[in-house]
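The chain contents come next:
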Amino acid sequence: KAGVTQTPRYLIKTRGQQVTLSCSPISGHRSVSWYQQTPGQGLQFLFEYFSETQRNKGNFPGRFSGRQFSNSRSEMNVSTLELGDSALYLCASSLRARRGPYEQYFGPGTRLTVT
Amino acid sequence: DAKTTQPTSMDCAEGRAANLPCNHSTISGNEYVYWYRQIHSQGPQYIIHGLKNNETNEMASLIITEDRKSSTLILPHATLRDTAVYYCIVRPYTGTASKLTFGTGTRLQVTL
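Conventions and cut-offs
- Residues numbered from 1 in each chain as written.
- Chains lettered and ligands numbered in written order.
- Predicted model: local features only at pLDDT ≥ 70, side-chain atom pairs only at ≥ 80, totals over all residues.
- Heavy atoms only, no water.
- Helix = DSSP H or I, 4+ residues; strand = E, 2+ residues; numbered from the N terminus.
- Buried < 20%, exposed > 50% of the residue type's maximum accessible area, 1.4 Å probe, protein only.
- Contact = heavy atoms within 4.5 Å.
- Areas by Shrake-Rupley, 256 points an atom, 1.4 Å probe, with all protein chains shown as cover.
- Lys, Arg positive; Asp, Glu negative; His and termini not counted.
- Charge placed at Lys NZ, Arg CZ, Asp CG, Glu CD.
- Pairing = 2+ DSSP bridges.
- Phe/Tyr/Trp six-rings, centres within 6.5 Å; stacked < 30°, edge-to-face > 60°.
- Lys NZ or Arg CZ within 6 Å of the ring centre and 35° of its normal.
- Disulfide = S-S within 2.5 Å.
- Salt bridge = Lys/Arg side-chain N within 4 Å of Asp/Glu carboxyl O.

Enquirer: Describe the overall build of chain A, with residues and values.
Expert: Looking only at helices and strands, chain A has zero helices and 11 strands in total. When the helices and strands of chain A are listed from N to C terminus, the series reads β-β-β-β-β-β-β-β-β-β-β. Burial status across chain A gives 50% buried among its 115 residues. Looking at chain A alone, contacts between residues at least 24 apart form 54% of all its contacts between residues at least 6 apart. With the model as given, the accessible surface of chain A reaches about 5,600 Å², and the carbon-plus-sulfur share is 47%. A gap of 3 Å separates the mean positions of the 14 positive and 6 negative side-chain charges of chain A.

Structural data, given as structure tokens:
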């Protein structure tokens, strides 16, 4: 079974631009979560989508948004990029059955550099 | 979610068992213990999880103390490829369990 895939793997943008990252979960997984990883803050939860609805949200500004499609694929968007948005963005998928526990499987990440 | 405490770093000789401790003294009854690891610049990899019984899979064993206030991840025969940052996480059984709260983890260095 194929793992979680993320595209693109690397991205360079300039301040003020916006960016869209894509995530394809493991087949059959309906939950997609997004995380940001930086050397200073570590791994931080951004949001989770399940059945095309945002179910949980971390403590990030409104410039960070996401969506999920009917095939469970997800995108996250960052508008008006700032230098501090440079990070590894990770996507994780899980079954998210009504009764847990369930594990999350991570993709390789998208390395975003803002200049 | 309950807070966890792990040593910052550990060394282990290749072929020996690596025992990684985690303290989670404030764990509540509905929280599981999860272990993930992250090899440099890759996404975190799920290893194992448990509630109160010891667990074993093809990657590792998880030993949880009877009072559930601490646990140990055991890699029985560490190899150089096990060099990574290991994260111990406690999270609820259901509800907002989708959110994983990562601490700083333990940097395990496996050496020849």
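Enquirer: Quick one: what's the story with the pairing of strand β4 (residues 31-38) of chain A, residue by residue and with numbers?
Expert: Residues and elements named next belong to chain A. With eight of eight residues buried, β4 is to be regarded as a mostly interior element. Alternating positions in β4 separate into two faces, S31, S33, Y35 and Q37 on one and V32, W34, Q36 and T38 on the other, with burial throughout. Across eight bridges, the pairing between β4 and strand β5 (residues 42-50) is antiparallel. Bridged to Q36 within β5 is Q44. Summarising the sheet, β4 and strand β9 (residues 87-94) pair through seven bridges and their orientation is antiparallel. Across the sheet, Q37 pairs through a bridge with L88, a residue of β9.

Enquirer: So what about the sheet that holds strand β6 (residues 61-64) of chain B? Which residues, and what values?
Expert: Hydrogen bonds along the backbone pair up the strands of a sheet, which may run parallel or antiparallel. Residue and element names in this part refer to chain B. With antiparallel pairing, four strands are arranged side by side in an open sheet as β2-β7-β6-β5. In the strand order of this sheet, the two ends are held by β2 (18-23) and β5 (55-56), each with one partner. In this sheet, strand β7 (residues 70-75) lies alongside β2 in antiparallel orientation, the contact comprising six bridges. If you follow A18 over to β7, its bridge partner there is L75.

Enquirer: With reference to specific residues and values, describe the packing of aromatic side chains.
Expert: By the definition in use, this model includes 13 aromatic pairs over all chains. Both rings, one in Y36 of chain B and one in Y46 of chain B, keep their centres 5.8 Å apart while their planes meet at 70°; by these two values the pair is edge-to-face. Of this pair, Y36 of chain B sits in strand β3 (residues 31-38) while Y46 of chain B is found in strand β4 (residues 45-50), placing the two residues 10 residues apart along the sequence. Taking the relative accessible area as the measure of exposure, Y36 of chain B reaches 0% and is therefore buried. What makes Y46 of chain B buried here is its relative accessible area of 14%. Members of the aromatic cluster, joined through ring pairs, are Y35, F45, Y105 and F106 of chain A together with Y32, Y34, Y36, Y46, Y87 and F102 of chain B. The positively charged end of R91 of chain B is found above the aromatic ring belonging to Y34 of chain B, 4.3 Å away from the centroid.

Enquirer: Break down the state of the cysteines for me, citing the residues and quoting the values.
Expert: All names here are of chain B. Scanning all chains against the criterion turns up two disulfides over all chains. Between the sulfur atoms of C22 and its disulfide mate C88 the distance is 2.1 Å. Sign of the S-S torsion, about -80° for the bond between C22 and C88, identifies this disulfide as left-handed. Separated by 66 residues along the polypeptide, C22 in strand β2 and C88 in strand β8 (residues 84-92) bring together distant segments of the chain. In terms of burial, C22 and C88 fall into one category: buried.

Enquirer: Give a description of the pattern of salt bridges that names residues and reports values.
Expert: Residue and element names in this part refer to chain A. Taken as a whole, this structure holds five salt bridges over all chains when the rule is applied. One salt bridge in this structure joins R63 and E82, with 3.6 Å as the shortest N-O distance. Of the two residues, R63 is situated in the loop between β6 (53-57) and β7 (64-68) and E82 in the loop between β8 (74-78) and β9; the sequence distance between them amounts to 19 residues. A residue is classified by how much of its surface remains accessible, and R63, at 16% relative accessible area, is buried. Beyond isolated ion pairs, a larger network of salt bridges with shared partners links R63, E82 and D85.

Enquirer: Describe in detail the pairing of strand β11 (residues 110-114) of chain A, supporting the description with residues and values.
Expert: Working note: regular strand, side chains alternate between the two faces of the sheet. Residue and element names in this part refer to chain A. By the alternation rule, side chains of β11 split into T110, L112 and V114, which are all buried, and R111 and T113, of which none is buried. Direction of pairing for strand β2 (residues 10-13) relative to β11: parallel, over a ladder of four bridges. Residue Y10 lies in a different strand from β11, and its bridge partner there is R111. Bridge analysis of β9 against β11 gives three bridges, and the strand direction is antiparallel. Its bridge partner lying in β11, Y89 is registered against T110.

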